[in-house]
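# Architecture and fold: a report
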Amino acid sequence: MPESVWDYPRPPALREDARVVRVECAGHVVAETREAVRVLETSHPPVFYVPPSDVAAELLRPAAEAPTWCEWKGEATYWDVVVGSDRRSGAAWSYPAPAPGYERIAGFFAFYPGRMDRCTVGDQVVGAQRGDFYGGWITAEVRGPFKGAPGTGMW
């Protein structure tokens, strides 16, 4: 049964997800887990957070991007994904010390699917949420309209 992102809560909810979540870049698996945490927030496709033990940390470098602030989760830091000479700037983010209620994702990594070569959830290839800021993962199970595209900033 499809989920409407307009039924997701505000503040966002955390949900464990045992499906295989996989992130690929430049011929390498950057992350693969069965222990993702899915963050569900009104008007956004889910974001999948991967535990650090399931991320190829040697492919991550601190990004030049300044930290950002989420009113719910706190301060996010950004990471470049680097495979050989291929550098995807600001392609991942994490919350080293998230706000109360979101401690479960402390140190987990989320990836912008549009900046990676391929992201999957189970057997589904993920589509990227439009826009440069949000990093939602669009699969067949979610329905929009989704915030993030030009003209949706005041929704």
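Structure shown above.
Small disclaimer: the values here were computed from a predicted structure and weren't measured.

### Some details on the overall build of the protein
Within the protein one finds 0 helices and 16 strands. The globule rule puts the C-alpha radius of gyration for 155 residues at 15 Å, and the 14 Å found for the protein is close to it. Taken along its principal axes, the extent of the C-alpha atoms in the protein is 40 × 30 × 30 Å. The proportion of buried residues among the 155 residues of the protein is 47%. The long-range share in the protein, meaning contacts at least 24 apart out of those at least 6 apart in sequence, stands at 51%. Split by element, the accessible area of the protein, about 7,700 Å² in all, is 55% carbon and sulfur. Treating the 16 positive side-chain charges of the protein as one cloud and the 20 negative ones as another, the clouds have centres 3 Å apart.

### A closer look at unusual backbone geometry
Residue Pro11 follows Arg10 across a cis peptide bond; omega there is 5 degrees. Mapped onto the fold, Pro11 is located in the loop between β1 (3–4) and β2 (13–17). In this chain, Gly144 is followed by Pro145 through a cis amide linkage whose omega measures 15 degrees. Structurally, the position occupied by Pro145 is in the segment after β16 (142–143). In this structure, Ala26 takes a positive phi of about 50 degrees despite not being glycine. Looking at the secondary structure, you find Ala26 in the loop between β3 (21–25) and β4 (28–33).

### Digging into the packing of aromatic side chains
Counting across every chain of the model gives 5 aromatic pairs. With a centroid separation of 6.1 Å and an interplanar angle of 90 degrees, the aromatic rings of Tyr49 and Trp93 are classed as edge-to-face. Taken together, the residues span a long stretch of sequence, with Tyr49 in strand β6 (residues 47–50) and Trp93 in strand β10 (residues 86–94) at a distance of 44 residues. Here Trp93 and Tyr112 contribute two aromatic rings whose centre-to-centre distance is 4.7 Å and whose plane-to-plane angle is 50 degrees, an arrangement assigned as tilted. Remark: Tyr112 occurs in the loop between β11 (109–111) and β12 (118–121) and Trp93 occurs in strand β10; sequence separation between them is 19 residues.

### Notes on the pattern of salt bridges
Inspection of every chain in the model, using the stated rule, returns 13 salt bridges. Ionic pairing is found between Asp80 and Arg87, a salt bridge with its closest N-O pair at 2.8 Å. Connected through shared salt-bridge partners, Glu3, Asp17, Arg19, Arg38 and Glu141 make up one network.

### Details of the environment of Gly84
Assignment of secondary structure puts Gly84 in the loop between β9 (74–83) and β10. The exposure class of Gly84 is exposed, given its relative accessible area of 69%. For Gly84 and Ala57, which are 27 residues apart along the polypeptide, the C-alpha to C-alpha distance reads 14 Å.

### What to know about the nonpolar core
Note on soluble globular proteins: their nonpolar side chains tend to be buried together. If you look at the biggest cluster of nonpolar residues, it comprises 23 residues, and the most contacted ones within it are Val23, Val81, Phe111, Met116 and Trp137. Of all the secondary structure elements, the ones that give two or more residues to this core are β3, β4, β6, β9, β10, β11 and β12. Looking at which element gives the most residues to this core, the answer is β3, with 3 residues. When residues no more than four places from it in sequence are discounted, the contact partners of Phe111 are Val23, Val30, Ala31, Val55, Leu60, Val81, Ala91, Ala92, Trp93, Met116, Gly135 and Trp137. In this structure, Val47, Tyr49, Tyr95 and Tyr102 belong to the second largest nonpolar core, which totals 15 residues.

The rules behind the values
- Residues numbered from 1 in each chain as written.
- Predicted model: local features only at pLDDT ≥ 70, side-chain atom pairs only at ≥ 80, totals over all residues.
- Heavy atoms only, no water.
- Helix = DSSP H or I, 4+ residues; strand = E, 2+ residues; numbered from the N terminus.
- Rg over C-alpha atoms; globule rule 2.2 N^0.38 Å.
- Buried < 20%, exposed > 50% of the residue type's maximum accessible area, 1.4 Å probe, protein only.
- Contact = heavy atoms within 4.5 Å.
- Areas by Shrake-Rupley, 256 points an atom, 1.4 Å probe, with all protein chains shown as cover.
- Lys, Arg positive; Asp, Glu negative; His and termini not counted.
- Charge placed at Lys NZ, Arg CZ, Asp CG, Glu CD.
- Phe/Tyr/Trp six-rings, centres within 6.5 Å; stacked < 30°, edge-to-face > 60°.
- Salt bridge = Lys/Arg side-chain N within 4 Å of Asp/Glu carboxyl O.
- Core = buried A, V, L, I, M, F, W, Y, C linked by side-chain atoms within 4.5 Å.

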